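# Reading the structure
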Amino acid sequence: MSRTARYWLAAGWIAILLLPWYALEDGLFAFGWLAQAWSEDAAPLAVQASRHGRAWLWPILAILAVPLLVWRRPKGDMLGTGVLIGVGAAGIAWMLLQGFAIGLRGWSWPWLPALAGDLESRQIGMGWGALLAGASFLFLFTEGLAARGALRGDTFILGVVALVVATTALFVFYPVALVLVGGGKTDDGYSMIAFGERLVSSDIWSLGCVAGARCGTFWKTLLLALVVATTTTVLGTAFALLAARMSFRFQRLLRLFALLPIITPPFVVGLAVILLVGRTGAVTTFLDWAFGIPPTRWIYGFSGMAFAQTLSFTPIAFLIMVGVVQGISPSMEEAAQTLRASPARVFSTVTLPLMRPGLANAFLIGMLESFADFGNPIVLAGNYDVLSIQIYFALVGSQNDPGRAAALAIVLLAMALAVFVAQAAWLGNRSYTTVAGKGDSGLHASLPRAVRAGIYWTTLPWVALTAVIYGTVIFGGFVANVGRDHSFTLGHFVEMFGVSSGPGGLVWSGGAWKSFFTTMETALIAAPLTAVFGLLIAYVLVRQRFAGKGAFEFVTMLSFAIPGTVIGLSYVMAFNTPPVEITGTTIILIVCFVFRDMPVGIRAGVAALSQIDPSLDESSLTLRHGGFATLRRVIIPLIRPAIVAALVFGLVRAMTSLSAVVFIATTRHNLATNYIVGRLEFADYGGAIAYSAVLIAVMALMIVGIQLLVGERRLGRRVAAA
Amino acid sequence: MKKAAAVAFESVSRRFGNVLAVDAVTFRVEPGTLCTLLGPSGCGKTTTLRMIAGLELPSAGRILIGDRDVSRLSAAERDVTMVFQSYALFPHMNVIENVGYGLAVGNLSREEQRARAEEGLRKVGLAGYGTRKPSELSGGQQQRVAVARAMVLEPQVLLFDEPLSNLDAKLRRSMRADIRALQREHEITAVYVTHDQEEALAVSDKVVVMREGRIAQEGTPSDLYERPADRFVADFIGGANLLDAEIVAVDGLFATARVGAATVERVPQHGLKPGPATLAIRPTAMRLSPAVAGAAGLVARVLGVTYLGGHFEIVLGSDQGELLAIVEATTVPPATGAAVRIDFAPHGMALVPR
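Residues numbered from 1 in each chain as written. Chains lettered and ligands numbered in written order. Predicted model: local features only at pLDDT ≥ 70, side-chain atom pairs only at ≥ 80, totals over all residues. Heavy atoms only, no water.

Residues and elements named next belong to chain A. Within the secondary structure, Phe 313 is located in helix α14 (residues 302-327). A relative accessible area of 10% places Phe 313 in the buried class. For the pair Phe 313 and Thr 232, spaced 81 residues apart in sequence, the C-alpha to C-alpha distance is 6.4 Å. The residues contacting Phe 313, other than those within four sequence positions of it, are Val 228, Thr 232, Glu 369, Ser 370 and Asp 373. (Helix = DSSP H or I, 4+ residues; strand = E, 2+ residues; numbered from the N terminus. Buried < 20%, exposed > 50% of the residue type's maximum accessible area, 1.4 Å probe, protein only. Contact = heavy atoms within 4.5 Å.)

Residues and elements named next belong to chain B. With antiparallel pairing, the 5 strands of this open sheet are ordered in space as β15-β19-β16-β17-β18. Each edge of the open sheet is held by one strand with a lone partner, namely β15 (286-290) and β18 (321-328). Recorded for the sheet is a direction-independent mean angle of 45° between the axes of neighbouring strands. Two strands pair when backbone bridges link them, and strand β16 (residues 298-307) and strand β17 (residues 311-318) are joined in this way by 6 bridges, in the antiparallel orientation. (Pairing = 2+ DSSP bridges. Axes fitted to C-alpha atoms, helices over the stretch in contact; angles between N-to-C directions.)

On to the pairing of strand β3 (residues 34-38) of chain B, then. All names here are of chain B. Counting buried positions along β3 gives 5 out of 5 residues, so the element sits mostly inside the fold. The two faces of β3 match: Leu 34, Thr 36 and Leu 38 on one face and Cys 35 and Leu 37 on the other face are all buried. Sheet analysis places β3 next to strand β8 (residues 190-194), joined by 5 bridges and oriented parallel. In the strand pairing of β8, Leu 34 is matched with Ala 190. Two elements, β3 and strand β9 (residues 206-211), share 4 bridges in a ladder whose sense is parallel. Within β9, the position partnered with Leu 37 by the bridge is Val 208.

Attention shifts here to the interface of chain A and chain B. Interface size is often expressed as the accessible area that is lost when the parts come together. Across the contact, 32 residues belong to chain A and 37 residues belong to chain B. For the pair chain A and chain B, the two sides together bury roughly 3,000 Å², of which 58% comes from carbon and sulfur. In this structure, the connection of chain A to chain B is made through 2 salt bridges. For A:Glu618, the salt bridge identified is with B:Arg50, shortest N-O distance 2.7 Å. Linking chain A to chain B there are 11 residue pairs in polar contact (both at pLDDT 80 or more). (Buried area = accessible area lost by both parts, 1.4 Å probe. Salt bridge = Lys/Arg side-chain N within 4 Å of Asp/Glu carboxyl O. Polar contact = N/O pair within 3.5 Å; in protein donor to acceptor, adjacent residues only side chain to side chain.)

This brings us to the domain arrangement of chain A. Residues and elements named next belong to chain A. We note that the domain assignment places domain 1 (3-109 + 120-148), domain 2 (203-472) and domain 3 (507-710) within chain A. Computed over C-alpha atoms, the centres of domain 2 and domain 3 are 24 Å apart. Across the contact, 29 residues belong to domain 2 and 31 residues belong to domain 3. Taking both sides of the interface into account, the surface hidden between domain 2 and domain 3 amounts to around 2,700 Å²; carbon and sulfur atoms contribute 86%. Summed over the three residues of domain 2 that lose the most area to domain 3, namely Ile 263, Phe 267 and Phe 420, the buried surface amounts to 23% of that side. Viewed at the interface, domain 3 and domain 2 are joined by 0 salt bridges. Run the count over domain 2 and domain 3 and you get 0 residue pairs in polar contact (both at pLDDT 80 or more). (Domains from an automatic or database assignment.)

Pasting the structure below:
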């Protein structure tokens, strides 16, 4: 047996002999259990089985005893490795089986008592002991496989793959599968009929609006997504051309404008739109006063949402398109020019066709973003229902109909996956960048005059509009009541972030502090985990070959396509009950952030690793460094920019995430975005704005901090000849 | 090097999906010798090399280094180092850090690591370059750093993956002499991959010619050049004109054969029997003279003549297809369109199976 396998075996024994097997009341990081380590709450597996009547735990101990028989066999011995593989698989299988079969009320499945008799005892969620024992089984399994030469015999890499597969199964597949099943859940069991009725409900599919009645949620969601995807793609492309192809004096300012919305919490844009053109908004009031146009509620509904989403998601389209536009090799345009093409002809026959896959990508991403958006609809939807908020209201409102929520979630999930698959299929085998390793010293063709004019006429008003929107937000934070009382005040900030000195020292008297600290804590834990996980997966994807790699890649990217509301709902359904009972803890928030945002880390890592010659890590491997040492000494120093990107994105997404959080945040562990939405529901615009402004400032500071801390890679030039 | 070990492949295969990249290959490299894996691209030579390194594991068969079965060991667990085609110097480390990289694993003190690394640099003639970045070195110097980095670990086997293909022709010649000298001086077991037959002949104790995942022939450079086993090896090493021939008599390692109207005697061959065969003739072994009507012999027409400084390359059209002849530039070449008679010099011919 290898040394690592022995360590994992020892860890398994520690887990079942010493650590509390079940989750503790006070959470994972409390240590009160040490005082009462043999009680029913805190006892380890061996004691639970012998003294507390949980006989179904004995097999775990028995399985873990088997490797002791092959302790002394040399590494690579067929019997020894076979035992490790078998023990790992059997241990995990039994842990899952007993975990799901026996829950809070004894047997979980109605047919089990008939089969195995009644049960005296019951069990709660798994704790430290179970966690470590599970890890021990998983890594004994991979040790066995590695010793047989799987994945070039690299234990570390195989362990990473196994860990990712196991955690993705637990935190993405299992909850989503529960949502699918949940669509058929009724008060007394499951029913295919209920499932069918909910799925074909006219609320969702009705095409009544063609005849003047109301349309179903599906069509409304789809229409909004199509419109938003179109506008964001057009605007994003215009900005990209402006930034990459035209000598525009305020390039840096332009980039800032395009990127600002990314660090803006999701509802802020919607809120600003209300402040401007809502019933009591500044523009509306002005129009009423100056031209006698009566205030209406037109902004609540389709037009308002389309407007706000376009504002929110144009930056993403811009980021995609700027890469595409810069990727077009100038020599292609030069070739067209030497073949006597006019600027207009070059643009329409060379530049635009080369951008086409990028345009499709931006369009599909725009649709995904619109499907998943929760922040803008929650403030602006009015009577125009879209799926993401319908799911929320079906669960938390007076309806309280989890079955309907699940059915709506299935529809939304299907829409998002269809777009995701279309995007993957469209871009899968297509390389739409033409950047080669060779220097390309040519000049891009100048754009035709009509196109230039079009770009100016779309982008410049847009920049002005963005400026007005953000100006309104800042203005709203410093006045008593925006729209009514415009006297200057710092009251909102004091109310939110006041600090006073009490008898016991400083008192965080502001209402926002608690959620702010929780947000910081979860974001600061989640962001590094997101980065580490994403980059590890990227390393496996780029550098390793194994059966099922395509499926592995698809699965890891999938969680990106699943809308946040679906994830939130699924987490509530999956992790409220044993064996994994983490609802109401900060752990569930962190897990949610890590698995939702990981794909961004993966993409950044894949892009960075693809530029690094594989022979660099291979040479490290032949120079006696294993997978982990190679990662630490060669790969990580070379992909620092990707690490920065993953960290920044992890932080920003964790701090601005709303759609999944509304389901899983609790009053005990509330998050900033959720708190702000609460303020908005009380029409406390000033407080909401003040809090948002503080969040934006903190995020900007942290981004700068990460940049300084992790730093740039210092290379003369790439040495590897392509 | 004291640790130099033999490498043995015992019917080793490597499969990628449905493609059999290496197909039941068996060969042996003696300790302290340099063996070259030679073949066109896609023949499996690089996969074979990577299996020695542990960067690929075999799908079937056993690999032995010394007396130890390493088939299932990862690269880091084997005592093998490699010089990569792209050099693979770590761009974020300077030269001495690169050379000392592999020494950091193990129980050498820091001073000892440093001393060993500097000794390695001195051996390749780069003493004093330690603090430079790889990007500040020329291609040849980078190549030397890569060799030093692989050598300082005193591995059981040292691998070279087309190490010279990124260098210009002149540098290639001197680098290959240097590599061979280092290998001989320190009695390293080395395995060297190349697609350049001239390079293979120049540096090797033994050459293994591969084709489509199998070994086409193995032997010393002169074995391969003088006694190719088949048409592929005859053509791949040194380039040969392949003519249909008929063996009329066999005498030990030699045979007499008829090519069209001509008869050639004492041609080296490998266990062939009288009957149809292929005669491989080096372009330099072709002797041309003006054709005389009615005389016996092989006749061809001159299709083109290219002047290459030291010699002429002459393309001939015959009833056996196109042939290439190389003649010294001191003679007057035949004119394009002229009919010539072909005779064969006594050396530079071999009979191989058809």
